[in-house]
Amino acid sequence: MFLAPASIAGQADAADCLAERQGEGRVAAVVDARGFRLEDGREIRLAGIERAGTDPASDRAALSAIITGRDVTLHGEDDTPDRYGRQSAIVFVAGSEQSVQSELLRRGEALASSDIADKNCAAALSVAEGVARNAKLGIWAETTAIKNAESPGDILAAIGHFMVVEGRVLSVRQAGAVTYLNFGRNWTEDFAATISRRIIPAFESAGLGPKSLENRRIRVRGVVSSRGGPRIELLRVGQIEVLGGK
């Protein structure tokens, strides 16, 4: 993956993540690592990122240092609140050309989640994460930041959490409507990434057809679940990064 210099990446954030403006306000309180409340009572969720660490207080402090008491603008394709009443948005502190998401990613205080529909914006957030990863900042200073697919026990310990896992796909198998990218030989215990049949065309269109990934080293990201062994369900193309050839 190409990693732009910080100055260039900052310009990309301003150009690529400025979706339609969906409002503004002053931050009254930080709720958690990804959420805050405006003075008018609206609760905002930061789109495109997931919390990086395992210490909620530390993760919350990282966001608080950037936005508490600041005026912010909200950008996105839709301002409709989710079922919890939270508005998802790309957020900019007044006077800054860099999104709050990109700032957290560059510090190694967040992980890019790949749930942004706009490809340019998603790419900009990926670049920001890469800057921190290359410099070993924040979470990337830890050798365990990227889980090894060959250590399913370590991945199972993170059930319910967003994780980044790296390894070689040993085999690709289909069972019913689900395709499994198997990273180990024991299908009931080892790590696997799964793709539903209905979304495989999207992966194929992006040059990531499941069979083409066999024997390739890839990085996947998502929420860990358990169905015997640890699993990450791949719902979007952006959850896969090919790291090397066959």
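Residues numbered from 1 in each chain as written. Predicted model: local features only at pLDDT ≥ 70, side-chain atom pairs only at ≥ 80, totals over all residues. Heavy atoms only, no water.

1. Thoughts on the overall build of the chain
- Along the backbone of the chain there are 6 helices and 15 strands.
- For the chain, the C-alpha radius of gyration of 18 Å lies close to 18 Å, the compact-globule estimate for 246 residues.
- The C-alpha extent of the chain, read off along each of the three principal axes, is 55 × 35 × 35 Å.
- For the chain, the proportion of contacts with a sequence separation of at least 24, taken over those separated by at least 6, is 62%.
- Taken as a whole, the chain presents about 11900 Å² of accessible surface, with 49% of it coming from carbon and sulfur.
- Of the side chains in the chain, 31 bear a positive and 32 a negative charge, and the two mean positions are spaced by 6 Å. (Helix = DSSP H or I, 4+ residues; strand = E, 2+ residues; numbered from the N terminus. Rg over C-alpha atoms; globule rule 2.2 N^0.38 Å. Contact = heavy atoms within 4.5 Å. Areas by Shrake-Rupley, 256 points an atom, 1.4 Å probe, with all protein chains shown as cover. Lys, Arg positive; Asp, Glu negative; His and termini not counted. Charge placed at Lys NZ, Arg CZ, Asp CG, Glu CD.)

2. Brief notes about the sheet that holds strand 6 (residues 86-93)
- The sheet built from 5 strands closes into a barrel, its strands ordered 1-2-3-6-5 with mixed pairing. On average, adjacent strands in this sheet sit at an angle of 60 degrees to one another, irrespective of strand direction.
- Pairing analysis gives 4 bridges linking strand 3 (residues 43-46) to strand 6, with the strands arranged parallel. Across the sheet, L46 pairs through a bridge with A89, a residue of strand 6.
- Each of strand 1 (21-32), strand 2 (35-38), strand 3 and strand 6 is contacted by helix 2 (residues 56-67), which is oriented at about 130 degrees to strand 1, the strand it contacts most. (Pairing = 2+ DSSP bridges. Axes fitted to C-alpha atoms, helices over the stretch in contact; angles between N-to-C directions.)

3. Let's talk about helix 4 (residues 119-135)
- Relative to the 24 Å expected for 17 residues at 1.5 Å per residue, helix 4 spans 25 Å between its end C-alpha atoms, a close match to the ideal helical length.
- Here helix 4 has its buried residues at C121, A124, L125, V127, A128, E129, G130, A132 and R133.
- Phi turns positive, to about 55 degrees, at K136, one or two residues after helix 4. (Expected span 1.5 Å × (residues − 1). Buried < 20%, exposed > 50% of the residue type's maximum accessible area, 1.4 Å probe, protein only.)

4. Structural notes on the layout of surface pockets
- Here the largest pocket defines a volume of roughly 660 Å³.
- Those elements that provide at least two residues to the lining of the largest pocket are helix 4, strand 13 (217-227) and strand 15 (240-242).
- Classifying every residue of the lining of the largest pocket by side-chain character gives 16 nonpolar, 6 polar and 8 charged.
- Here the second largest pocket is characterised by a volume of approximately 560 Å³. (1 Å grid on protein atoms, 1.4 Å probe; cavity = no way out; pocket = protein on both sides within 12 Å on 5 of 7 lines; lining within 4 Å. Points joined across faces, edges and corners; volume = space filled by probe spheres on them. Nonpolar A, V, L, I, M, F, W, Y, C, P; charged D, E, K, R; others polar.)

5. Some thoughts on the pattern of salt bridges
- Scanning the model with the defined rule gives 15 salt bridges in all.
- The salt bridge partner of R86 is D82, with a shortest N-O separation of 3.0 Å.
- The closest approach of N and O atoms between E166 and R217, which form a salt bridge, is 3.5 Å. Separated by 51 residues along the polypeptide, E166 in strand 9 (residues 162-168) and R217 in strand 13 bring together distant segments of the chain.
- The exposure class assigned to R217 is partly exposed, which follows from its relative accessible area of 31%.
- Several salt bridges share partner residues, and in doing so they unite E166, R217, R219 and E241 into one network. (Salt bridge = Lys/Arg side-chain N within 4 Å of Asp/Glu carboxyl O.)

6. Quick look at the nonpolar core
- Core analysis: the biggest nonpolar cluster contains 30 residues, and F36, I67, V91, V100 and L104 have the highest contact counts within it.
- With 23 residues, the next largest nonpolar core counts A149, V165, L181 and L208 among its residues. (Core = buried A, V, L, I, M, F, W, Y, C linked by side-chain atoms within 4.5 Å.)

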